[in-house]
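# Report on the structure
If you want the building blocks of each chain, they are given just below.
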Amino acid sequence: MNNSRRIGIIDIGSNSIRLAVNEQTTGGSYRVIGEFKESARLSQRIGADGTLAQADIQVIVQILSHFKRICHAHEVTEYRVAATAAIRNAANSQEILDTLRRESGFHVELLSGEDEARLGFLGMIQTMDISDGFLVDIGGGSTEISLFRDRTLISSVSFPFGAVNTTRKFAPNGEFHEEQLRGIRQMVEDAIAREPWIRQAPGLPLVGLGGGVRTLCKINQRKRKYSLSLTHNYTIPAAEVDELASWLPLMPGEKRKKIDGLSKDRYDIIVPGLLILQTIFQAAGASHYVVSGAGLRDGLFFESFYPVDTELKHMAERSADNLLALHSTAPRAHLSQVSRTALKLFDALTEAGKHRFEPRVRLCLIIAAKLYRIGASLSYYQYPKHSFHMIAHTRIDGLTHREILICALTASYKTKARTQQAVQHHKDILKKTDTDLIAKLGTLLKLAVALDISETQALEVTNAFSESKALHLRLKAKHDPAAEYREVLGLQKEFKNTWGLQLKVHESSFSTN
């Protein structure tokens, strides 16, 4: 019997209709356990009179009925179903909603442009550690632009053009020439001119949402031979988007279909999406592009089923705790003690001026300490290898890609030589100096694990301080700590080589003889 809560989120977009099946456990953790997509291109189906014909409405009914069968197979009991621009702008929108409700059994919520902007922002801001910027969501039938400051939505607007209806208007055959390209840019510039606030906050990053933005990300990553398979929080320099915009639109459609990273069903609509995005970027005077893998469907889920407490922990810690709750294989008390001890060691070395790490390195150590054993959920044997893979290829919200790799390599740290090989493999993301950084963090984590190797909290570090070229640990034994002492003894040479400090342990039953 499955005791988890299963939730279906359906987004009836202007290009695609998507279903996300979310699972929420009794402990409160959540994950997506299924995603399904059907291409509908509703914005292209709107007739000359502005209505969606009954035959096209039936296409939506069939997709929703198919999604309902999928939800039944996943034991989904709760839903939120939302429709966006194509249905919102249709002259017979109420007829469409009534038909969908009557024939599919779903209550379909019609989102306003303001709703789309708000929910897209909610999905993004709960999963990215970014304070100020523009958020641009390019859908099939509309484009939402939002300005946020101090993680608060300030202004937003929804324009009635997106990748699909712009393609239909300017190049229905998928072939673009200079005249059509100028027309698309002019359309966007005219819309921006009516919203002067867009030009009044230069120098901010532009965060992009939607399938088109994710596709541009994939094209860019394939071209760069990017070494990490993550799109969320991926950064693209302005020059690289400009370079893409210089050749992609004028390429024949059949050749465009063969571009690595571009799916064939987007070969035509990718061009208007790219031009809309670039024109907004230039008008806003933005600094660079950032890709968000979270958006409207995430916002619908957070708003209805998973309100997030943003006050207690950094989002990266919340994300790690959520991942740990889904895959934990070690006693919670052990992981808590390892985390506390690792931070106590780190802070002692910070206070003594033994390193000059950037402030967020401490956060990386927290995440690594929480997740170092997570790979055992796949197999206990060689679990560090599995831990690395799970951390590096799972979205840890609020961390950059470099920080995710630092966490993964710290959590799975064995030797500096192995770390050097891994850093070389990810040299497009990591810095050369990260080898030493990860070695130092990894050694601290290994020491913290050694101090509770029996996972019974036999020892407590009551104080840690550095003086006289040594790191001193004052320990309190709660019960037999023989296993812990053996492990600590075995780490003394490695600690000295890595940190240049002797490891001095102060506890009556401990002897180095």
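Quick note: structure is the one above.
Residues numbered from 1 in each chain as written. Predicted model: local features only at pLDDT ≥ 70, side-chain atom pairs only at ≥ 80, totals over all residues. Heavy atoms only, no water.

### Section: the packing of aromatic side chains
Counted according to the given criterion, the structure contains 17 aromatic pairs. A centroid spacing of 6.1 Å and a plane angle of 90° characterise the contact between Y30 and F302, whose relative ring orientation is edge-to-face. In this pair, Y30 is assigned in strand β3 (residues 30–39) and F302 in helix α12 (residues 296–305), connecting sequence segments 272 residues apart. Ring geometry for Y226 versus Y234: centroids 4.9 Å apart, planes at 75°, classification edge-to-face. Just as Y226 is buried, Y234 falls in that class too. Connected via pairs of aromatic rings, a cluster forms that spans Y30, F301, F302, F305 and Y306. (Phe/Tyr/Trp six-rings, centres within 6.5 Å; stacked < 30°, edge-to-face > 60°. Helix = DSSP H or I, 4+ residues; strand = E, 2+ residues; numbered from the N terminus. Buried < 20%, exposed > 50% of the residue type's maximum accessible area, 1.4 Å probe, protein only.)

### Examining the state of the cysteines
Scanning the model with the defined rule gives 0 disulfides in all. Cysteine C364 is unpaired, with the sulfur of C407 as its nearest cysteine sulfur at 4.0 Å. (Disulfide = S-S within 2.5 Å.)

### Topic: unusual backbone geometry
Positioned with a positive phi, E75 is a non-glycine residue whose angle comes to about 60°. One non-glycine residue, D150, adopts positive backbone phi at about 50°. Inspection of the secondary structure puts D150 in the loop between β7 (143–149) and β8 (152–159).

### What to know about helix α18 (residues 416–425)
Within the sequence span of α18, burial applies to T419, A422 and V423. Buried residues of α18, seen end-on, are gathered within an arc of 100° and therefore sit on one face of the element. Away from the buried face of α18 by more than 90 degrees, exposed residues A417, R418, Q421 and H425 are located. Buried residues along α18 sit in contact with α17 (401–411) and α19 (434–450). (Arc of directions from axis to C-beta. Contact = heavy atoms within 4.5 Å.)

Interpretation note: all reported values are geometric properties and have no functional meaning in isolation.
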